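Structural description and commentary
Here is what each chain is made of, one letter per residue.
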Amino acid sequence: MAVWDDLVGQDRVVEQLTAAARDADAYVTAAASGASGDEGSRAASPGTPGSPGPSAPSGLSGSAMTHAWLFTGPPGSGLATAARAFAAALQCVSPDRALGGAPGCGFCDGCHTALIGTHADVEVVRASGLSTGVDDTRDLVRRAQLSPSGGRWQVVVHETADRLTEQAANALLKAVEEPAPRTVWLLCAPSADDVLPTIRSRCRHLVLRTPPVDAVADMLIRRDGIEPEAAVAAARATQGHIDRARRLATDARARTRRAAVLALPTRMEDIGDALRAAQQLVDAAGEDAKEAVEEVDARETEEMRAALGASEGGRLPRGTAGVMKDLEKRQKSRATRAQRDSLDLALLDLTAFYRDVLVRQLGSQVAIANEDVRGAVERIAASTRPEQTLRRMEAVLECRRAIERNVAPLLAVEAMAVALRAG
């Protein structure tokens, strides 16, 4: 199994990353054998995407490899999957490479440990809270200065580069401008506009697309053993969002929550119904977030207490209360992010519902996403006008924007529910 197998519907991106991994492997191999002289200890640091720049080693002149990459694309397109697969290919030690095989076999120790997250030279970073601060980023940059312990590349995969604070982004910019020897930065963000212009100008930019529904369904059947009918239904319902499709196909609770969300448009007969629906939606998101973080929070708290020397069930040593408060602050931030993410998924389901309504109203031959609630889609399509549907879709999108601007979730969802009822 090659490292690219889970990267669905991204043939062009795979081709570019495979070429870069080949060039990176050739450079490291030549450096290790002494063919590159003293350049083996220098970094590949192209100044602009597509050209190595004046400080790049001659061994990478005209190379497809560069020291910083920016992966962008719609949610569910596989940004983190692509970055991790590339990281694994850069660490590949398969003997087949000597026979012309491409790095990224998926079986060797380098590939396997990189993919499961235990490779010493691959660090995966993901913001657990609302953002990534400057202190954490400076620590990351310091660690990235280290030489690779395995003699290949030091790879940093930042899965949430769009959540860097301004100070954190500036700290990262310095590392991307002046990369350490053999350090590769792989940054993921929804769009290029979500990172500093000065950072994206120093990265090679790869744009991933929304995977085709058929390709996602095939992956669910092949990798997760999902029944074909359920796999196709999940892939269609999520419109090619890989992670959501897998969760919908494997988690009964996710299917129950989605059904409750899709029932909302038919339940809002008056203002009271709309406000109750908003409260239920926010409460469900809160419960979902609690389930997601509860176990992690409990484990972190217990480990921190043990590290501080607290006896089981006993009091903390004096002077350690501040450490526990910092931990509680991080956990609260993570819970808030989890609730927002859960609520955002519900709002995406609502958007897909009204998209199906609009498809029916306009007489389009495009397949609807929510085949399981076709009856409700048909009824609303027949009883309302396309301009009402567009206003409702805009209300859902405005709710998403309001929540990202830190508007209280209940207030934002109530405003959306009233707008949905009014049409």
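Our subject is the structure listed above.
Just so it is clear, the model here is predicted, and its values are computed rather than measured. (Residues numbered from 1 in each chain as written. Predicted model: local features only at pLDDT ≥ 70, side-chain atom pairs only at ≥ 80, totals over all residues. Heavy atoms only, no water.)

1. A word on the environment of Arg244
Summarising the element assignment, Arg244 is placed in helix H9 (residues 242-250). Classification of Arg244 as buried rests on a relative accessible area of 15%. Once the C-alpha coordinates of Arg244 and Val195 are considered, the two residues, 49 residues apart in sequence, prove to be 25 Å apart. If near-sequence neighbours (up to four positions away) are discounted, Arg244 is found in contact with Thr238, Leu345, Leu348 and Asp349. (Helix = DSSP H or I, 4+ residues; strand = E, 2+ residues; numbered from the N terminus. Buried < 20%, exposed > 50% of the residue type's maximum accessible area, 1.4 Å probe, protein only. Contact = heavy atoms within 4.5 Å.)

2. Overview of the pattern of salt bridges
Per the counting criterion, the structure on display carries 34 salt bridges. Here Asp25 makes a salt bridge to Arg97, at a shortest N to O gap of 2.4 Å. One end of the pair, Asp25, is in helix H1 (residues 11-32); the other, Arg97, is in the loop between helix H2 (79-90) and helix H3 (109-116), and 72 residues separate them in sequence. Exposure remark for Arg97: the relative accessible area of 21% places this residue in the partly exposed category. In this structure, Arg405 and Glu398 form a salt bridge, with 3.0 Å as the shortest nitrogen-oxygen distance. (Salt bridge = Lys/Arg side-chain N within 4 Å of Asp/Glu carboxyl O.)

3. Some remarks on helix H13 (residues 374-383)
By the burial criterion, the buried members of H13 are Ala376, Val377, Ile380 and Ala381. Seen end-on, H13 carries its buried residues on one side only, within an arc spanning 130°. Facing away from the buried side of H13, by more than 90 degrees, are the exposed residues Arg379, Ala382 and Ser383. The elements touched by buried residues of H13 are helix H12 (321-361) and helix H14 (386-404). (Arc of directions from axis to C-beta.)

4. Describing the environment of Leu248
Structurally, Leu248 is set in helix H9. For Leu248, a relative accessible area of 11% corresponds to the buried category. The spacing of Leu248 and Leu411 is 163 residues in sequence and 28 Å in space, taken between C-alpha atoms. Not counting the four nearest positions on each side in its chain, Leu248 is found in contact with Ala234, Ala237, Thr238, Ala254, Arg255 and Arg258.

5. So, the state of the cysteines
Here the structure, examined in full by the defined rule, presents zero disulfides. Here Cys92 stays free of any disulfide, with the sulfur of Cys111 as its closest cysteine sulfur at 3.7 Å. We note that Cys105 lacks a disulfide partner, and the nearest cysteine sulfur, in Cys108, lies 3.7 Å from it. (Disulfide = S-S within 2.5 Å.)

6. Remarks on the packing of aromatic side chains
Within the structure shown, the criterion is met by three aromatic pairs. Ring geometry for Tyr27 versus Trp153: centroids 6.2 Å apart, planes at 35°, classification tilted. Of the two residues, Tyr27 is situated in helix H1 and Trp153 in the loop between helix H4 (134-144) and strand S3 (154-158); the sequence distance between them amounts to 126 residues. Taken as a pair, Tyr27 and Trp153 share a single burial class, namely buried. Here the aromatic rings of Phe353 and Tyr354 are separated by 5.5 Å at their centres, their planes lie at 90°, and the arrangement is edge-to-face. One exposure class covers both Phe353 and Tyr354, and it is buried. (Phe/Tyr/Trp six-rings, centres within 6.5 Å; stacked < 30°, edge-to-face > 60°.)

7. Observations concerning H4
For H4, the full list of buried residues reads Val134, Thr137, Leu140, Val141 and Ala144. An end-on view of H4 places all buried positions within 120° of arc, on one side of the element. Exposed and facing more than 90 degrees away from the buried side of H4 are Asp135, Asp136 and Arg142. For H4, the elements touching its buried residues are strand S2 (122-125), S3, helix H5 (166-177) and strand S4 (183-189).

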